[in-house]
Amino acid sequence: MCAPDVFRDIYLRTTVLLVGALGATIAILTYLFLGSTTHLVVLYGSDTEGLRFLGNVRDVWGILGVGTLIGVMNFLIANALYRRARVLSYLLAYATLFFAVLLFIAVAAIIASN
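Residues numbered from 1 in each chain as written. Predicted model: local features only at pLDDT ≥ 70, side-chain atom pairs only at ≥ 80, totals over all residues. Heavy atoms only, no water.

A.B. asks: What is the right way to look at the packing of helix H2 (residues 10-34) against helix H4 (residues 86-113) in this model?
C.D. replies: In a packed pair of helices, the relevant descriptors are the angle between the two axes and the axis-to-axis distance. Where H2 meets H4, the axes come as close as 10 Å, and the angle between the chain directions of the two elements is 15°. Between H2 and H4, the crossing angle belongs to the class labelled roughly parallel. Relative to H4, H2 is oriented so that their crossing is left-handed. Between H2 and H4, the residues in contact are Tyr11, Leu12, Thr15, Leu18, Val19, Leu22, Thr25, Ile26, Leu29, Thr30, Phe33 and Leu34 and Ser89, Tyr90, Ala93, Tyr94, Thr96, Leu97, Ala100, Val101, Leu103, Phe104, Val107 and Ile111, respectively. Considering only residue class, the contact of H2 with H4 consists of 19 nonpolar, five polar and no charged. (Axes fitted to C-alpha atoms, helices over the stretch in contact; angles between N-to-C directions. Helix = DSSP H or I, 4+ residues; strand = E, 2+ residues; numbered from the N terminus. Parallel < 35°, antiparallel > 145°, perpendicular 65-115°, else oblique. Left-handed = near helix turned anticlockwise from the far one by under 90°. Contact = heavy atoms within 4.5 Å. Nonpolar A, V, L, I, M, F, W, Y, C, P; charged D, E, K, R; others polar.)

Structural data, given as structure tokens:
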């Protein structure tokens, strides 16, 4: 069986590996810092308005799960677009990398506020 086109191209392979590394880092940090937490977790708060959203650790894992699902779907679409519109495939892959960085920042902010 042939490898998907995403893994043949060096640019797409690099973005897949970077997104995977960011996702693994986010999951490890979430487990280390929030794994044994049993109380409510602040999901969003500001200095002027106070606490806006409270949740538990499952909500943080839900954020990571949705981000992973979006990343996998984007790379599947990038794989489908690779032979037809290679530029769109690159654009989608790098947009997924940007999304993973934003997800990393969001979860790091949640961890830092707790």
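This is not the end of the story, as more comes after the structure.
A.B. asks: Explanation requested: H4 in the structure shown.
C.D. replies: Two residues of an α-helix separated by three or four positions point the same way, owing to the 3.6 residues in each turn. For H4, with 28 residues, the first-to-last C-alpha span of 41 Å sits near the 40 Å given by 1.5 Å per residue. Inspection of H4 places Ser89, Ala93, Thr96, Leu97, Ala100, Leu103, Val107, Ile110 and Ile111 among the buried residues, and these make up the whole buried set. (Expected span 1.5 Å × (residues − 1). Buried < 20%, exposed > 50% of the residue type's maximum accessible area, 1.4 Å probe, protein only.)

A.B. asks: Help me understand the environment of Ala100, please; the structure alone is not making it clear to me.
C.D. replies: Secondary-structure assignment places Ala100 in helix H4. Taking the C-alpha atoms as reference, Ala100 lies 16 Å from Leu76; in sequence the two are 24 residues apart. Aside from chain neighbours lying at most four places away, what touches Ala100 is Val19, Leu22 and Ile26.

A.B. asks: Sorry if this is basic, but what is going on with the side chain of Asp9 here?
C.D. replies: Along the chain, Asp9 turns up in the loop between helix H1 (5-8) and H2. Within the buried set, Asp9 has no salt-bridge partner at all; the shortest N-O distance to an opposite charge, 5.1 Å, is to Arg86. With residues up to four places along the chain from it excluded, the contact list for Asp9 reads Tyr82 and Tyr90. (Lys, Arg positive; Asp, Glu negative; His and termini not counted. Salt bridge = Lys/Arg side-chain N within 4 Å of Asp/Glu carboxyl O.)

A.B. asks: Is there a simple way to explain the packing of H2 against helix H3 (residues 57-81) in this structure?
C.D. replies: With their axes 11 Å apart at the nearest point, H2 and H3 run at an angle of 175° to one another. Relative to H3, the element H2 lies roughly antiparallel. Residues Thr15, Val16, Val19, Ile26, Ala27, Thr30, Tyr31 and Leu34 of H2 form the contact with H3, whose own contacting residues are Val57, Val60, Trp61, Leu64 and Phe75. Along the lines of polarity and charge, the residues of the contact of H2 with H3 split into eleven nonpolar, two polar and no charged.

A.B. asks: Is there a simple way to explain H2 in this structure?
C.D. replies: A rise of 1.5 Å per residue sets the reference length of H2, with its 25 residues, at 36 Å; its end C-alpha atoms lie 35 Å apart and thus fit the reference within 8%. Looking at H2, one finds that the buried residues are Leu12, Thr15, Val16, Val19, Leu22, Ile26, Thr30 and Leu34. If you follow the buried residues of H2, they end up packed against H1, H3 and H4. If you check the start of H2, you find a side-chain oxygen 2.9 Å away from the backbone N of Tyr11, and it comes from Asp9. (Polar contact = N/O pair within 3.5 Å; in protein donor to acceptor, adjacent residues only side chain to side chain.)

A.B. asks: Sorry, what's going on with the packing of aromatic side chains here?
C.D. replies: The description of an aromatic ring pair rests on the distance of the ring centres and on the angle between the ring planes. Under the definition given, this model contains one aromatic pair. Measuring from ring centre to ring centre gives 5.9 Å for Tyr11 and Tyr90, while their planes differ by 80°; the resulting arrangement is edge-to-face. You can see Tyr11 sitting in helix H2 and its partner Tyr90 sitting in helix H4, a full 79 residues away along the chain. For Tyr11, a relative accessible area of 49% gives the class partly exposed. Above the plane of the ring of Tyr82 lies Arg86, whose end atom (NZ or CZ) is 4.3 Å from the centre. (Phe/Tyr/Trp six-rings, centres within 6.5 Å; stacked < 30°, edge-to-face > 60°. Lys NZ or Arg CZ within 6 Å of the ring centre and 35° of its normal.)

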